[in-house]
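# Structure assessment
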Amino acid sequence: MRLDKYLKVSRLIKRRTVANEACDGGRVTINGRVAKASAEVKQGDILAISFGNREVKVEVLDVQETVKKDEAKELFRYL
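Residues numbered from 1 in each chain as written. Predicted model: local features only at pLDDT ≥ 70, side-chain atom pairs only at ≥ 80, totals over all residues. Heavy atoms only, no water.

### Overview of a positive patch on the surface
Taken together, the side chains of Lys 8, Arg 11, Lys 14, Lys 69 and Lys 73 make up a positively charged region of the molecular surface. Along the polypeptide, Lys 69 turns up in the loop between strand E4 (54-60) and strand E5 (76-78). (Patch = residues over 30% accessible without salt bridge, like charges linked within 9 Å, V, L, I, M, F, W, Y side chains within 5 Å. Areas by Shrake-Rupley, 256 points an atom, 1.4 Å probe, with all protein chains shown as cover. Salt bridge = Lys/Arg side-chain N within 4 Å of Asp/Glu carboxyl O. Lys, Arg positive; Asp, Glu negative; His and termini not counted. Charge placed at Lys NZ, Arg CZ, Asp CG, Glu CD. Helix = DSSP H or I, 4+ residues; strand = E, 2+ residues; numbered from the N terminus.)

### Overview of the sheet that holds E4
Strand order across the open sheet formed by five strands is E2-E1-E3-E4-E5, with antiparallel pairing between neighbours. Unpaired on one side and paired on the other, strand E2 (33-34) and E5 mark the two borders of the sheet. Bridge analysis of strand E1 (residues 28-30) against E2 gives two bridges, and the strand direction is antiparallel. Pairing of Ile 30 across the sheet is with Arg 33, part of E2. (Pairing = 2+ DSSP bridges.)

Note that every value here comes from positions in space, so none of it alone points to a role or purpose.
Take a look at the structure:
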């Protein structure tokens, strides 16, 4: 699945356009490498997202096309 879509589906970032902007700005990494919005996300990847002065690190546990809001937290684990 594309990185920008995963960020939206998992609700780490609320809108796909915002996820695109974060990727274009170099604020998202997959396994330590700066990633474009079109990068593929798979189970076991480590994502790091910079929000201003803080960074969120998560491990991808599952990749699904659609999930309910309350189930979105099961797609990743905070590190």
